[in-house]
Amino acid sequence: MQISTDALIEHAAAVAALNGVDPQALTGDEASAWVSALARVRTSAEAVMAVLASRLEELSSVDAGRDRYARAKGFSGAPTLIAQRGQMSTGEANRLLSLGRTMADADAGLGAEGLLVGGAAEEAPTPSVLFEATSRAVAGGSLSSLNVALIRELLTALSAPTVELELALVRLGERATPAELGRRCDRELAADAEAVRRRDLRHRERRYVQFYREDEGMVGIRGRLDAATAAPIMAAVEDEVRRQMVTERDLPDGERRDEGKIRADVLVAIANHAMGCEDPASGTKGVMVVQVTQDTLEAGAGNVTCHGVAGPVSFEAMRKFMVDIAVMPAVMGGSSLPLDLGRATRCFTPAQKIAIALRDKGCARCGEAVNRCDVHHIRFWSHDGKSDIANGVLLCVPCHHRLHDHGWELRVIDGQVWFKPPASTDPNREWIPAMATPLNAAPPNASPPLAPRSTPALV
């Protein structure tokens, strides 16, 4: 592995013209362009720092014996040393170290050729080994370390990761926020049931909740839960939060509680009920929407999706909750439910929302959880749009407003949702796949499937 500062110097030179500029004189597009240019400088610098951080980790490891560098300098380990030297948090230092390991993996895969970190974009060859595309993208300043961590986590979890999938995720990550990329990674992970099962086992071993006293006497709560453990808690709490917010919406401003206060009060009410309930095991304890295929139920293995919980969950992890959860079967196009109502009614039915949710897997644009989304007409009802599955799309409130306010187009082709951005976002107006649409699917008016490419972010 070798370090090159070509990309860093190139990006730094590109922002030299910012010197002396009055920020009040900039338009929105100009300020946005400068933010992007400065981000490229930052990410290029992070790539070089990650290589150096890996060297510090190597010099501070147990293998270095009594001469461990971090210990000799008075630090507990490489992360705390890097955090102090780099003026960052320990979490950021650990992220740098993860990026360094990603580059080391790519360098090992390339063998004698080795990885050039920070070379100019035109010098980058077509990726041939895992983590090469990710390493070159971050070194070139086009991929943030946060998105690198998401891609690495997915590829190391999958049973058979490919260079092609990594390249598609890198191109998406160059334009997507970490939240959007994370949801796309969840979609890819869901296709590998064994990888989901292994991940759920790891997460369950790492679960914890801790209560601690703060200086002023307040009690803090912190912890991490695996998805299967969190799902019934979130379902019980969030349903009650929404109900109480509705009952309080007509109260004066000073009397209404915000979501955080209501959530705290709901947890107390649940605890009080559990302590006073004489027969806590009787009856159905709660209602949670769990999507599971017939094949998974029959085989007893595979993945399920819990509304409100990001990402897939293994059937094995959810099995113990099935006795206490009311599950409503979703009939896709069956005769027992009227899924396509045409112009008979303006609003989509609950059955239709379930069907569209099974297709879109959450907000079609950003992947937000189903229980935070509503079904919207693609062709407006006022413009003779029908209330049927093909004319419905699941969107969260922010994405719904952005799409309508900025002139985005939507289309559903063979059960796959596509977005066309306005010219102000993408001058070429290329179709963007929805979160549940495969990255390598053929966009409208194209045949055969096209290679994955970068996707403009939603403005």
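Basis of the calculations
- Residues numbered from 1 in each chain as written.
- Predicted model: local features only at pLDDT ≥ 70, side-chain atom pairs only at ≥ 80, totals over all residues.
- Heavy atoms only, no water.
- Core = buried A, V, L, I, M, F, W, Y, C linked by side-chain atoms within 4.5 Å.
- Buried < 20%, exposed > 50% of the residue type's maximum accessible area, 1.4 Å probe, protein only.
- Helix = DSSP H or I, 4+ residues; strand = E, 2+ residues; numbered from the N terminus.
- Contact = heavy atoms within 4.5 Å.
- Phe/Tyr/Trp six-rings, centres within 6.5 Å; stacked < 30°, edge-to-face > 60°.
- Lys NZ or Arg CZ within 6 Å of the ring centre and 35° of its normal.
- Pairing = 2+ DSSP bridges.
- Axes fitted to C-alpha atoms, helices over the stretch in contact; angles between N-to-C directions.
- Parallel < 35°, antiparallel > 145°, perpendicular 65-115°, else oblique.
- Salt bridge = Lys/Arg side-chain N within 4 Å of Asp/Glu carboxyl O.
- Left-handed = near helix turned anticlockwise from the far one by under 90°.
- Nonpolar A, V, L, I, M, F, W, Y, C, P; charged D, E, K, R; others polar.

1. Quick look at the nonpolar core
- Judged by nonpolar contacts, the single largest core of 45 residues is most densely connected at Ile 82, Met 103 and Leu 169.
- Secondary structure elements with two or more residues in this core: helix H2 (28–59), helix H4 (78–85), helix H5 (90–110), helix H6 (132–139), helix H7 (145–157), helix H8 (163–173), helix H9 (178–190) and helix H10 (193–205).
- Counting residues per element, this core draws most heavily on H5, at 7 residues.
- For Leu 169, the contacting residues outside a window of four places in its chain are Ile 151, Leu 154, Leu 181, Arg 184, Cys 185 and Leu 439.
- Within the second largest apolar cluster, 22 residues are counted, among which are Ala 355, Ile 356, Leu 394 and Ala 434.

2. Considering the packing of aromatic side chains
- This structure, assessed with the given rule, holds 0 aromatic pairs.
- Above the plane of the ring of Phe 131 lies Arg 152, whose end atom (NZ or CZ) is 5.2 Å from the centre.
- Lying over the aromatic face of Tyr 212, Arg 222 brings its terminal NZ or CZ to 4.0 Å of the ring centre.

3. Describing the sheet that holds strand S13 (residues 416–420)
- Ordered in space as S12-S13-S14, the 3 strands form an open sheet in which the pairing is antiparallel. Single-partner strands in this sheet number two, and they are strand S12 (409–413) and strand S14 (432–433).
- In this sheet, S14 lies alongside S13 in antiparallel orientation, the contact comprising 2 bridges. In the sheet register, Phe 419 faces S14, and the bridge partner there is Ile 432.

4. Thoughts on the packing of H2 against H5
- Packing of H2 against H5 leaves a shortest axis separation of 8 Å and a crossing angle of 90°. One way to sum up the angle between H2 and H5 is to call them roughly perpendicular. Listed contacts from H5 to Glu 46, Ala 47, Met 49, Ala 50, Val 51, Ala 53, Ser 54 and Glu 57 of H2 are Leu 96, Leu 97, Leu 99, Gly 100, Arg 101 and Met 103.

5. With respect to the pattern of salt bridges
- Taken as a whole and assessed by the stated rule, the structure comprises 19 salt bridges.
- Close ionic contact of Arg 183 with Glu 368 constitutes a salt bridge, the shortest N to O distance being 3.7 Å. Of this pair, Arg 183 sits in helix H9 while Glu 368 sits in the loop between helix H15 (350–360) and strand S10 (373–377), placing them 185 residues apart in sequence.
- Exposure remark for Glu 368: the relative accessible area of 24% places this residue in the partly exposed category.
- The partner of Asp 265 in a salt bridge is Arg 257, with the nearest N and O atoms 2.7 Å apart.

6. A few points about the packing of H2 against H4
- In the contact formed by H2 and H4, the axes pass within 9 Å of each other and the chain directions differ by 140°. The angle between H2 and H4 falls in the class oblique. In this structure, H2 meets H4 at a crossing whose hand is right-handed. Across from Ala 53, Leu 56 and Glu 57 in H2, the residues of H4 making contact are Ala 78, Leu 81 and Ile 82.
- Its residues assigned to classes, the contact of H2 with H4 shows 5 nonpolar, no polar and 1 charged.

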